[in-house]
Amino acid sequence: MGIKIFIEGECDVTIRRGRKRIIKASNVNLIFLRRVIDQMEIRVESPMNELETAYILSGVDVVDMLHKLSSSDVIVSATPTKVYTVTERKIEHILKEREEKPNIVVDIHTHPLGVAELSEEDKKTMRKVAEIFKEKIPGVRVYFGVHAFSEENFGRRMEPVAIGNRIRWRSITREHEVAIFDENGKPVVVEIWSG
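Now for a description of the structure that goes with this document. A quick note: this is a predicted structure, and the numbers were derived from the prediction, not measured.

The rules behind these values
Residues numbered from 1 in each chain as written. Predicted model: local features only at pLDDT ≥ 70, side-chain atom pairs only at ≥ 80, totals over all residues. Heavy atoms only, no water. Buried < 20%, exposed > 50% of the residue type's maximum accessible area, 1.4 Å probe, protein only. Helix = DSSP H or I, 4+ residues; strand = E, 2+ residues; numbered from the N terminus. Pairing = 2+ DSSP bridges. Expected span 1.5 Å × (residues − 1). Bend = angle between axes of the 7 residues up to and from the residue. Contact = heavy atoms within 4.5 Å. Polar contact = N/O pair within 3.5 Å; in protein donor to acceptor, adjacent residues only side chain to side chain. Core = buried A, V, L, I, M, F, W, Y, C linked by side-chain atoms within 4.5 Å.

Moving on to the pairing of strand S12 (residues 166-170). Of all five residues in S12, four are buried, a share of seventy percent or more. Across four bridges, the pairing between strand S11 (residues 158-163) and S12 is antiparallel. The residue bridging Ile-163 from the neighbouring strand is Arg-166, located in S12. Where S11 folds back onto S12 in an antiparallel hairpin, the turn is made up of two residues, including Gly-164, whose phi is positive at roughly 60 degrees. In this structure, S12 lies alongside strand S13 (residues 175-182), joined through five bridges in antiparallel fashion. Bridge pairing in S13 places Ile-167 opposite Val-178. Taken together, S12 and the strand that follows it, S13, pair antiparallel across an intervening segment of four residues.

Printed below as a string of structure tokens:
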């Protein structure tokens with residue numbers, strides 16, 4: 001007996017196991033499975049984390065997969081304040097890694113020791129990047145995220161919480177904050193589901 005996810009109307013999502021309803025959420029624009037947040041943490045807590053990097057999240061109705069994009073044909077160059085990527089190559093990675101085409105894509109880049117806010121340059125490129133995703137994956141909803149994290153400082157782990165368009169948590173070494181936006185730079189409400 002598996003879990004079924006139903007999208008009801010524009011904002012209602014119901015998860016059912018057999019005939020029993022498990023979770024119903026309303027007014028949530030983007031839902032993340034909890035395990036994806038662990039993968040996001042691992043992705044940025046590396047020895048080379050002083051440079052910006054990028055990764056993609058994808059899913060079918062719910063964000064459930066992280067794509068590392070560690071290939072040099074995707075991330076062309078990176079500095080502490082900029083990362084240059086090739087959108088078409090990101091799409092190739094997504095389609096090769098997923099069994100089915102996603103209807104959600106979240107294009108995330110990091111701000112090491114920075115804040116989870118879009119730069120002016122981010123805002124300028126988001127619509128064009130979204131157009132490329134929609135052309136290559138018809139029907140996909142495209143979002144963008146900024147993953148900011150603090151310098152290394154040992155402390156107590158804090159579980160992720162979703163507040164508005166942000167997910168905040170603490171690993172044992174860093175504070176993390178991820179802010180999610182639509183292609184026009186408007187905040188997107190997020191929620192975390194265990195799974």
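Another point: helix H3 (residues 120-136). Between the first and last C-alpha of H3 there are 26 Å, a value that for 17 residues agrees with the 24 Å anticipated at 1.5 Å per step. If you look at H3, its biggest bend is around 35 degrees, right at Met-126. Within H3, the full set of buried residues consists of Asp-122, Met-126, Val-129, Ala-130, Ile-132 and Phe-133. Where H3 is buried, its residues contact strand S5 (54-60), helix H2 (87-97), strand S9 (104-112), strand S10 (141-149) and S13.

Take the environment of Arg-170 next. Along the chain, the position of Arg-170 falls in strand S12. In sequence terms Arg-170 and Pro-160 are ten residues apart; their C-alpha atoms lie 7.4 Å from each other. Once residues lying within four places of it in the same chain are set aside, the contact partners of Arg-170 are Asn-153, Phe-154, Gly-155, Arg-156, Arg-157, Met-158 and Glu-175. Only 2.4 Å separates the side chain of Arg-170 from the backbone oxygen of Asn-153, close enough to count as a polar contact.

Here we come to unusual backbone geometry. At Asp-61, a residue that is not glycine, the phi angle is positive and equals roughly 75 degrees. Position of Asp-61 relative to the elements: it lies in the loop between S5 and strand S6 (62-67). Judged by its relative accessible area of 21%, Asp-61 falls in the partly exposed class. Phi is positive for Leu-113, close to 55 degrees, though the residue is something other than glycine. Note on placement: Leu-113 falls in the loop between S9 and H3.

Next up on the list: the nonpolar core. Grouped together as the largest cluster of nonpolar side chains are 25 residues, with contacts concentrated most on Leu-30, Met-40, Leu-57, Val-106 and Ile-180. Setting aside anything within four residues of it in sequence, one finds Leu-57 in contact with Phe-32, Val-36, Met-40, Val-63, Met-65, Leu-66, His-67, Ile-104, Val-105, Val-106 and Ile-108. With 24 residues, the next largest nonpolar core counts Ala-54, Leu-69, Val-83 and Leu-118 among its residues.

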